[in-house]
Amino acid sequence: MNKIIIILILIIIFVTIQIFKFQLYLMLIFNKGIINPDRFWWHISDILLDKHDFINFVKSYEYGKHIKNIFGYNINIVNSLSDISFILNNSPNRYKRGNIKYNFLKKMMKHNIGITYDTEEWIQLRKQNEYVLSTQFIKSNIITNLTDIIINETNKISLYNSFESFETLAKNITKIILFGHTDVSDDIFTIIETPSYFEINSDKENNHYEILRNIINNTKINENSLLGRFSEITNIKSDVSLDQIPHWIFPIRNTIILTLPKLLKFDSIYNVDVPVRNKILEIVRLYNQVVTLFRLDSETNEEYLIFIQMFLRNEKYFENPHAYRPERWNDPNLENQYYSLMFSQGPQICPGKNIIIHILTILYEQIKIKFYSSIELNIDDLPDNINPFTFFAKNL
């Protein structure tokens, strides 16, 4: 009798896991830290989350239209390239930010969460971003005035072999890009502490406005920095402007922590003779920081979810999709295809794409110069990417 009860309990557990597998995956992914990596949940996720299985699980949605209940919302999982092209090309006029995205990010930037319902407001914010992050800014400000400061900061670290070393570099480079120097309180990084899976629909908000205003009031802002350029065109102490700052901190900081180690590691193993930009694009394709794109159709009120890696690691679009092949980016048209979603596509393509690539290039080249023959990365101590598809890629 006891054996029968145990068997029944095991069957119930198995069936429950299968029913809620999608929710389990999401819980582990979100708790790893979508914006700010949580190392505890990263280790838990590594134990429980079968990364190969997740790829197959997501790819099972490739054909047909699927709806899932996520955080209490019915979500249409987008699985065709034509649908992605249509949705992204019609953002923000028709497709706005999703409710899940809003509930997830309202804690840190409720006045400035991507595509708002007010298209004109979004256009104004977009123009400000494009001005601040323009190629002209990269050439005249970063290359001319900030590169030496970045190189000097890079050389201060004696060895790049741990999470802490890359985190220290990431924080200091982020401060340099935002303010023009490193004499900035670390409190600025507390504003990107995102809620866990269990807090997505909560009304919990942090006191980031108070933190940011205090930092800005007490910190010198170099005219060659992002905030210096931003202050030329807007009041940087307004709520909307302050909510722009997490948009810059997240990609700069996390790219250095999560992408730079992989860039160096893969280069030391495979040493492919291609431009650094190609190597960066390939690492970002394999280990993209942004897991999903959420959109809300303003005409039908339907929610849509795009699993980015469903396309970035898809053999239909990339030959040997799990292989590190930076030479594939020798084709200049590949970056502009709608399945190349590393920085999104369409009107809402990431305006900071080129500045991220430029920063990574400076750091990569400087670290290679200093540690060319001796750099040894302790992979066990470096956080895998927040993305669920981060099993070590192959060179086939």
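Located above this text is the structure these notes cover.
This write-up is about the structure you can find in this document. (Residues numbered from 1 in each chain as written. Predicted model: local features only at pLDDT ≥ 70, side-chain atom pairs only at ≥ 80, totals over all residues. Heavy atoms only, no water.)

1. Some remarks on the nonpolar core
- Core analysis: the largest hydrophobic core is formed by 87 residues, its most contacted members being Leu178, Leu226, Ile245 and Leu260.
- Among the elements that take part in this core, helix H13 (residues 245-270) stands out by supplying eleven residues, more than any other.
- The contact partners of isoleucine 245, leaving out residues within four places of it in the chain, are Leu178, Ile188, Ile191, Leu212, Ile216 and Leu227. (Core = buried A, V, L, I, M, F, W, Y, C linked by side-chain atoms within 4.5 Å. Buried < 20%, exposed > 50% of the residue type's maximum accessible area, 1.4 Å probe, protein only. Helix = DSSP H or I, 4+ residues; strand = E, 2+ residues; numbered from the N terminus. Contact = heavy atoms within 4.5 Å.)

2. A word on the side chain of arginine 229
- For arginine 229, the location among the structural elements is in helix H11 (residues 226-230).
- Of the buried charged residues, arginine 229 lacks a salt bridge, with glutamate 232 as the closest side chain of opposite charge at 4.8 Å.
- Among the polar contacts listed, one links the side chain of arginine 229 to the backbone oxygen of tyrosine 131, at a separation of 2.7 Å.
- Excluding residues that lie within four positions of it along the chain, arginine 229 makes contacts with Tyr131, Val132, Ser134, Gln136, Phe137 and Glu223. (Lys, Arg positive; Asp, Glu negative; His and termini not counted. Salt bridge = Lys/Arg side-chain N within 4 Å of Asp/Glu carboxyl O. Polar contact = N/O pair within 3.5 Å; in protein donor to acceptor, adjacent residues only side chain to side chain.)

3. Remarks on the packing of aromatic side chains
- For the structure shown, the criterion picks out eleven aromatic pairs.
- Both rings, one in phenylalanine 86 and one in tyrosine 95, keep their centres 6.1 Å apart while their planes meet at 85 degrees; by these two values the pair is edge-to-face.
- Looking at tyrosine 95, the relative accessible area reads 4%, which means it is buried.
- An angle of 45 degrees between the planes, with centres 6.1 Å apart, marks the rings of phenylalanine 318 and tryptophan 329 as tilted. Taken as a pair, phenylalanine 318 in the loop between helix H15 (309-312) and helix H16 (353-371) and tryptophan 329 in the loop between H15 and H16 lie far apart in primary sequence, eleven residues in all. For the residue pair phenylalanine 318 and tryptophan 329, the accessibility class agrees, reading buried in each case.
- Put simply, the rings of Phe311, Tyr317, Phe318, Trp329 and Tyr339 touch in pairs and so form one group of aromatic residues. (Phe/Tyr/Trp six-rings, centres within 6.5 Å; stacked < 30°, edge-to-face > 60°.)

4. Quick look at the pairing of strand E2 (residues 73-78)
- For strand E1 (residues 66-70) and E2, the ladder comprises five bridges, and the chain directions are antiparallel. When the bridges of E2 are listed, histidine 66 appears paired with isoleucine 77.
- Of the pairings in the sheet, the one linking E2 to strand E5 (residues 303-307) comprises four bridges and is parallel in character. Across the sheet, residue isoleucine 75 finds its bridge partner in E5, namely glutamate 303. (Pairing = 2+ DSSP bridges.)

5. Section: the sheet that holds E2
- Pairing within the open sheet is mixed, and its five strands lie in the order E1-E2-E5-E4-E3. Each end of this open sheet is capped by a strand with a single partner; those strands are E1 and strand E3 (95-97). The average angle at which neighbouring strand axes cross in this sheet is 40 degrees, direction not considered. (Axes fitted to C-alpha atoms, helices over the stretch in contact; angles between N-to-C directions.)

6. What to know about helix H5 (residues 81-89)
- Those residues of H5 that fall on the buried side of the exposure criterion are Ile84, Ser85, Ile87 and Leu88.
- Packed against the buried residues of H5 are E2, E3, strand E4 (292-297), E5 and H15.

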